[in-house]
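# Structure assessment
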Amino acid sequence: MRLRVVDLETTGGDRTSEILEVGFVDVVREGDGWRALPPVSRLFRPRGEISVHAMAVHHLTPEDFCDADPHCDEYALRAMFADPADVMVAHNAQFERAFIADTATGGLPWICTVRAAKVVWPQAPGHSNQVLRYWRGLRLDRSLANPAHRAGPDAWVTAHLLIEMLAEASVDQMLEWTRQPRRLDRIPFGKHRGRAWSEPPDDYLRWMAAQAEMDAAVVAAARQELERRASASPAALAEAPDAG
């Protein structure tokens with residue numbers, strides 16, 4: 001089995017942004033364990049501007065690109081991922097999947113190592129790549145693991161976190177954790193942002209639950225709260241004083 005750990009650097013934080021750099025590390029079976037193959041990375045010249053906020057994270061600026069650098073598109077991604085793999089992996093798979101279409105990977109399933117880490121290591125002081133790297137005491141070659149927030153090094157760190165998790169959980173378990181809607185303890189946006197799901201009125205939750213383009217985790221949380229209220233109503237009516 002080959003698990004392809006991928007990381008992207010982009011021109012910004014939304015889905016209209018462009019890919020600036022792709023890095024990946026294949027993790028393969030070796031005896032009873034797993035081994036990370038050497039990282040692969042490539043720069044891609046953007047057509048538009050790189051946001052200041054993005055540059056402050058990865059430090060890629062227009063001066064890092066030349067006319068010979070290609071733009072990133074689905075064909076470029078297919079070429080990078082040409083060697084067969086079985087599973088795609090990313091530390092925040094929701095982000096990478098917004099830029100990498102299934103047609104570029106052959107429709108491979110994904111593992112999100114953030115989601116997996118929260119299950120395997122709930123006691124961790126944080127679940128970012130670098131926090132987990134030092135919390136787990138990973139001794140990585142700095143020439144491969146640094147600098148942080150570049151595609152190749154981040155994929156290298158994620159690959160070794162994945163190997164650590166594979167000692168405690170199976171690939172199938174991590175795939176299932178990734179498929180499940182993530183848990184949202186608070187409403188993440190809108191006029192009720194930051195409030196508990198028990199606070200907004202039913203009509204607001206019904207609106208959220210009916211949105212086809214809404215984040216799947218938000219839809220799931222809204223539906224779960226509506227179901228909770230529906231199941232609680234008969235009990236509440238039964239316990240209410242007799243108005244007659």
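Here's a quick rundown of the structure.

Rules and cut-offs
Chains are numbered independently. Their residues run from 1 in the order of the written sequence. Residue-level local features of this predicted model are given only where pLDDT is at least 70; pairs of side-chain atoms are given and counted only at 80 or more, and the full residue set underlies all totals for whole chains, interfaces and linings. To obtain the side-chain values, all non-hydrogen atoms of the structure were included, while hydrogens and water were left out. Stacked, tilted and edge-to-face pairs are distinguished by plane angle, under 30 degrees for stacked and over 60 for edge-to-face with tilted covering the rest, among Phe, Tyr and Trp rings (Trp via its six-membered ring) whose centres lie within 6.5 Å. A run of DSSP states H or I qualifies as a helix once it reaches four residues; a run of E qualifies as a strand once it reaches two. Both are numbered from the N-terminal end. In this scheme, a residue with accessible area under 20% of its type's maximum is buried, one over 50% is exposed, and one in between is partly exposed, where area comes from a 1.4 Å probe on protein chains only. Here, a salt bridge means any Lys or Arg side-chain nitrogen found within 4 Å of an Asp or Glu carboxyl oxygen. Note on terminology: a nonpolar core comprises buried Ala, Val, Leu, Ile, Met, Phe, Trp, Tyr and Cys residues joined through side-chain atoms within 4.5 Å. It only takes one pair of heavy atoms within 4.5 Å for two residues to be counted as in contact. A pair of strands is considered paired only if DSSP assigns at least 2 bridges between the two.

Once that is clear, we can look at the packing of aromatic side chains. By convention here, two paired aromatic rings are described through the distance between centres and the angle between planes. Applying the stated criterion across every chain, the model contains 4 aromatic pairs. Arranged with centres 5.1 Å apart and planes meeting at 50°, the rings of F95 and F99 form a pair that is tilted. With F95 and F99 both in helix 3 (residues 93–99) and 4 residues apart, this pair spans about one turn of that helix. Assessed through its relative accessible area of 15%, F99 is described here as buried.

So, about the pattern of salt bridges. By the definition in use, this model includes 12 salt bridges. Note that R78 and E74 form a salt bridge whose closest N and O atoms lie 2.7 Å from each other. Of the two residues, R78 and E74 both sit in helix 2 (residues 74–80), 4 residues apart, roughly one turn of that helix. By relative accessible area, which is 27% here, E74 ends up partly exposed. Between E225 and R229 there is a salt bridge; the shortest N-O distance is 2.8 Å. Remark: R229 and E225 occur in helix 11 (residues 216–239); sequence separation between them is 4 residues, near one turn of the helix. By relative accessible area, R229 is classed as buried at 15%. Taken together, the shared-partner salt bridges in this structure form one network comprising D202, E225, R228 and R229.

Here we come to the nonpolar core. As a rule of thumb, nonpolar side chains are buried together in soluble globular proteins. By size, the foremost hydrophobic cluster in this structure holds 32 residues, and its most contacted members are L3, V27, W121, L162, M165, V171 and M174. Taken together, the elements giving at least two residues each to this core come down to strand 1 (2–10), strand 2 (19–30), strand 3 (33–36), strand 5 (87–90), helix 5 (113–120), helix 8 (151–166) and helix 9 (171–179). Top element by residues in this core is helix 8. It accounts for 9 residues. If we skip the residues at most four places from it in the chain, V27 touches M1, R2, L3, V5, W34, R35, A36, A159, L162 and I163. Membership of the second largest hydrophobic core comes to 22 residues, among which are V6, L8, V22 and L108.

Residue P147 is reached from N146 by a cis peptide bond, and omega for that bond is 0°. For P147, the position within the fold is in the loop between helix 7 (142–145) and helix 8. Of note, the phi angle at H59 is positive, near 65°, even though the residue is not glycine. Turning to its location among the elements, H59 is positioned in the loop between helix 1 (52–58) and helix 2. Residue H59 is classed as exposed on the basis of its relative accessible area of 58%.

All right, on to the environment of I163 then. Along the chain, the position of I163 falls in helix 8. Sequence spacing of I163 and A36 is 127 residues, and the spatial spacing of their C-alpha atoms is 8.2 Å. The contact partners of I163, leaving out residues within four places of it in the chain, are V27, W34, R35 and A36.

On to the pairing of strand 2, then. Every other side chain in a regular strand lies on the same face of the sheet, so the side chains alternate between the two faces. Burial runs high along strand 2: 10 of the 12 residues are buried. Examined bridge by bridge, strand 1 and strand 2 share 9 bridges and lie antiparallel to one another. Paired with R4 across the strands is D26, a residue of strand 2. Bridge count between strand 2 and strand 4 (residues 40–43): 4 bridges; the pairing is antiparallel.

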